[in-house]
Amino acid sequence: QVQLVESGGGSVQAGGSLRLSCAASGRTFSTYGMGWFRQVPGKEREFVAAISRTSRTYSSDSVKGRFTISRDNAKNTMYLQMNSLKPADTAVYYCAAAVRGAPGVRDSYDFWGRGTQVTVST
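Residues numbered from 1 in each chain as written. Predicted model: local features only at pLDDT ≥ 70, side-chain atom pairs only at ≥ 80, totals over all residues. Heavy atoms only, no water.

## A closer look at the environment of Asn83
Part 1 of the reasoning: Positionally, Asn83 belongs in the loop between strand E8 (77-82) and strand E9 (91-98).
Part 2 of the reasoning: Taking C-alpha positions, Asn83 is 8.8 Å from Gly65, a pair spaced 18 residues apart along the chain.
Part 3 of the reasoning: Residues in contact with Asn83, not counting those within four places in the same chain, are Gly16, Ser17, Arg66 and Phe67. (Helix = DSSP H or I, 4+ residues; strand = E, 2+ residues; numbered from the N terminus. Contact = heavy atoms within 4.5 Å.)

## A short note on the sheet that holds strand E7 (residues 67-72)
Part 1 of the reasoning: Pairing in this open sheet of four strands is antiparallel, and the strands run E1-E3-E8-E7 from one edge to the other. Taken across any chain shown, the strands that pair with only one partner, and hence form the sheet edges, are strand E1 (4-7) and E7. Here the average twist between neighbouring strands, direction ignored, is 15°.
Part 2 of the reasoning: Bridge analysis of E7 against E8 gives six bridges, and the strand direction is antiparallel. Bridging across to E8, Asp72 finds its partner in Thr77. (Pairing = 2+ DSSP bridges. Axes fitted to C-alpha atoms, helices over the stretch in contact; angles between N-to-C directions.)

This is the structure:
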């Protein structure tokens, strides 16, 4: 089992940057595929980016070229560097860990954090 805690959210103006972190408990962080999802009220939780155990990365078309996912297994931490933020990026961002499965599929993930709010204003 792994516990996940997100941090780094906040309010920023359009065009700005934020870096989210996801700290994981336990010694098996390196064995999990990791992902970031986001959700706004009334909508489905949507895939943002993922990174495999071997650090292969995936991202949604809506964030490609602006967001970068990375992981530091020595620190049991995953990151999401978000640049050129837009108001449409406003959401609660969740990190998640998967034992196996397709990286972009929400149901592949076994453990979830509680989320961190990101608000982008014009």
